[in-house]
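Each chain is listed here by its residues.
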Amino acid sequence: MNLTTNCTENNSVPALPLQELFIDPDYVVFTEVVSVTCSCLSLVGTLGNALAIKTFLSMGLSDGVTVSFLFLAISDFIYLIAVTANSVSLWFYAEEKKYRFQKWYSIDPFGVYIFSANVGIMMYLMTVLTTTFIAVIRCLCVALPLRFKNLFNRTKSTITLVSFFFITVLSYLPILMNMKMVVACDGNINASRTVLWISSKRNEVKQDVWLIRDVFVTLLTQGIIVISVAIMIRCLRRASTFRKRHSESQTRIQRPEDISLSLPSQQSISTLSENFPEFVETRNSYSDKNISNKEVMIARQVVLISAVYIVANIPKIAVDLGTFVVPDFTLGRRYQNVYLAIICAMELFQGFNSSLNMIIYYKYNSKFRKHFKLMRKKTII
């Protein structure tokens, strides 16, 4: 907390307008609960993604799948660091509002919150693009395995994901370049402290970037992932049916007393085909059109990651549509508290999405599970 003499109106940050719908006392209670929840979740998720990154590196980046999951873990790790900064600064801001700015800090926590939130928004696009990339590639590999199984190898996946990273940073950099922390007069406390300065050009830049980057890309990737997940689920069910038919045919045909150690003759194969045509049909379908056990596990892993992402992305879509429809649904306007409350819910959902992936990796990736256990044993020793 800092005590500073009153400042002039020059170079000052005005006080916020009175809020409607969601008054300050209710907002304070809400933000205190959410900030503590997000802080705990993001800290656990940060640790989990750090372990995931270390595990993927120990596995060796020998294929495009491992490279893709590594990039997703790195993206989630950076995003959760930003969420941690958001949550801590939001809690301090709620404390200031609780005491009506009679208690305040030398660095404006609300400014830190807004700045770190923008860093989080910037990095979350990497998670969005990486998740979409993984979902689409796995969908193609499951639906058309013979054509797309080896299409995206380690090199192609790395080039694609590095390109996504540059797109993520460069597309949002104009917004970050129009905001910084400076010493100025804060109208809420009528004193000077380090606050967030926002350029008058930022709103114009943000409007263009927001329409393309947040609204269009968010809705487009959401639709692509939903379609990819639906196709993968259909293919997985079909693969399960083929496996069941194959197993039943094997049980009916191969009895212990009929098994010979010698290779079957062409005549015996023809006889088998005539007597059990459904077995031959199932065998051909299984070998030519279906997917391996490894591909099934990867597909299940991707389906679960994508499903969590779809649910976690709903608050972001609500924020984007609300901002587009209601002009006052933004910072510094009448509905700022409602806007920030939904932003908090969005960060909570997205933090859950980024934190849960470690559990999914461990459950559905046997190679990841094996290397993680070996790494843990080495740490204990």
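Because the structure is predicted, anything quoted here is derived from the model rather than measured.

Peer 1: Looking at this structure, how should I read the overall build of the protein?
Peer 2: Looking only at helices and strands, the protein has 12 helices and 3 strands in total. For the protein, contacts bridging at least 24 residues in sequence account for 81% of all contacts bridging at least 6.

Peer 1: Before we go on, may I ask you to explain the pattern of salt bridges in this structure?
Peer 2: Two side chains that carry opposite charge are able to pair once their charged atoms sit near each other. Enumeration according to the criterion identifies 6 salt bridges in this entry. The closest approach of N and O atoms between Lys-103 and Glu-95, which form a salt bridge, is 3.9 Å. When the shortest N-O distance is used, the salt bridge between Asp-186 and Arg-193 registers 2.8 Å. Exposure remark for Arg-193: the relative accessible area of 2% places this residue in the buried category. Each of Glu-32, Glu-95, Lys-98 and Lys-103 takes part in one network of salt bridges that share partners.

Peer 1: What is the right way to read the packing of helix α2 (residues 64-98) against helix α5 (residues 154-176) from this model?
Peer 2: In a pair of packed helices, the angle between the axes and the distance between the axes together describe the arrangement. Interaxial distance between α2 and α5 falls to 8 Å at its minimum, and their mutual angle equals 25°. Between α2 and α5, the angle falls in the class roughly parallel. Classified by chirality, the crossing of α5 by α2 is right-handed. Of the residues in α5, those touching α2 at Gly-64, Val-67, Ser-68 and Phe-71 are Arg-154, Ser-157, Thr-158, Leu-161 and Val-162. When its residues are assigned to classes, the contact of α2 with α5 shows 4 nonpolar, 4 polar and 1 charged.

Peer 1: Could you clarify how one ought to interpret the environment of Gly-48 in this entry?
Peer 2: Summarising the element assignment, Gly-48 is placed in helix α1 (residues 24-59). Judged by its relative accessible area of 10%, Gly-48 falls in the buried class. Separated by 307 residues in sequence, Gly-48 and Ser-355 place their C-alpha atoms 6.9 Å apart.

Peer 1: Looking at this structure, I do not really get unusual backbone geometry. What am I missing?
Peer 2: We note that Phe-101 has phi near 65°; this positive angle belongs to a residue other than glycine. In this structure, Phe-101 sits in the loop between α2 and α3 (109-143). A relative accessible area of 14% means that Phe-101 is categorised as buried.

Peer 1: Quick question: what am I supposed to make of the packing of α3 against α5 here?
Peer 2: Put simply, α3 and α5 touch, their axes get as near as 9 Å, and they point 155° apart. Overall, the two elements α3 and α5 adopt an arrangement that is roughly antiparallel. Between α3 and α5 lies a crossing whose hand is right-handed. Along the contact surface, α3 presents Asn-118, Ile-121, Met-122, Met-123, Leu-125, Met-126, Leu-129, Thr-130 and Phe-133, while α5 presents Ser-157, Thr-160, Leu-161, Phe-164, Phe-165, Thr-168, Val-169, Ser-171, Tyr-172, Ile-175 and Leu-176.

Peer 1: Got a minute to help me understand the packing of aromatic side chains in this structure?
Peer 2: When we look at a pair of aromatic rings, we describe it by the centre distance and by the angle of the planes. For the structure on display, the rule yields 14 aromatic pairs. With 6.3 Å between their ring centres and 10° between their planes, Phe-368 and Phe-372 make a pair best called stacked. You can see Phe-368 and its partner Phe-372 sitting in helix α12 (residues 366-380), 4 residues apart, about one turn around the helix. A single burial state applies to Phe-368 and to Phe-372, both of which are buried. Over the ring of Trp-197 we find Lys-180, and its NZ or CZ is 5.5 Å from the ring centre.

Peer 1: Would you mind showing me how to read the pairing of strand β2 (residues 179-186) here?
Peer 2: When a strand is regular, its side chains alternate between the sheet's two faces. In terms of strand pairing, β2 meets strand β3 (residues 191-198) through 8 bridges, oriented antiparallel. From the neighbouring strand, Met-179 faces β3, where its bridge partner is Ile-198. Taken together, β2 and the strand that follows it, β3, pair antiparallel across an intervening segment of 4 residues, in which Asn-190 is found at a positive phi of about 55°.

Peer 1: What should I look at first to understand the side chain of Ser-116 in this one?
Peer 2: Among the secondary structure elements, Ser-116 is positioned in helix α3. Separated by 2.3 Å, the side chains of Ser-116 and Asn-86 make a polar contact. Those residues within four positions of Ser-116 in sequence are excluded, and the remaining contacts are Ala-82, Ala-85, Asn-86 and Ser-89.

Rules behind the numbers
- Residues numbered from 1 in each chain as written.
- Predicted model: local features only at pLDDT ≥ 70, side-chain atom pairs only at ≥ 80, totals over all residues.
- Heavy atoms only, no water.
- Helix = DSSP H or I, 4+ residues; strand = E, 2+ residues; numbered from the N terminus.
- Contact = heavy atoms within 4.5 Å.
- Salt bridge = Lys/Arg side-chain N within 4 Å of Asp/Glu carboxyl O.
- Buried < 20%, exposed > 50% of the residue type's maximum accessible area, 1.4 Å probe, protein only.
- Axes fitted to C-alpha atoms, helices over the stretch in contact; angles between N-to-C directions.
- Parallel < 35°, antiparallel > 145°, perpendicular 65-115°, else oblique.
- Left-handed = near helix turned anticlockwise from the far one by under 90°.
- Nonpolar A, V, L, I, M, F, W, Y, C, P; charged D, E, K, R; others polar.
- Phe/Tyr/Trp six-rings, centres within 6.5 Å; stacked < 30°, edge-to-face > 60°.
- Lys NZ or Arg CZ within 6 Å of the ring centre and 35° of its normal.
- Pairing = 2+ DSSP bridges.
- Polar contact = N/O pair within 3.5 Å; in protein donor to acceptor, adjacent residues only side chain to side chain.

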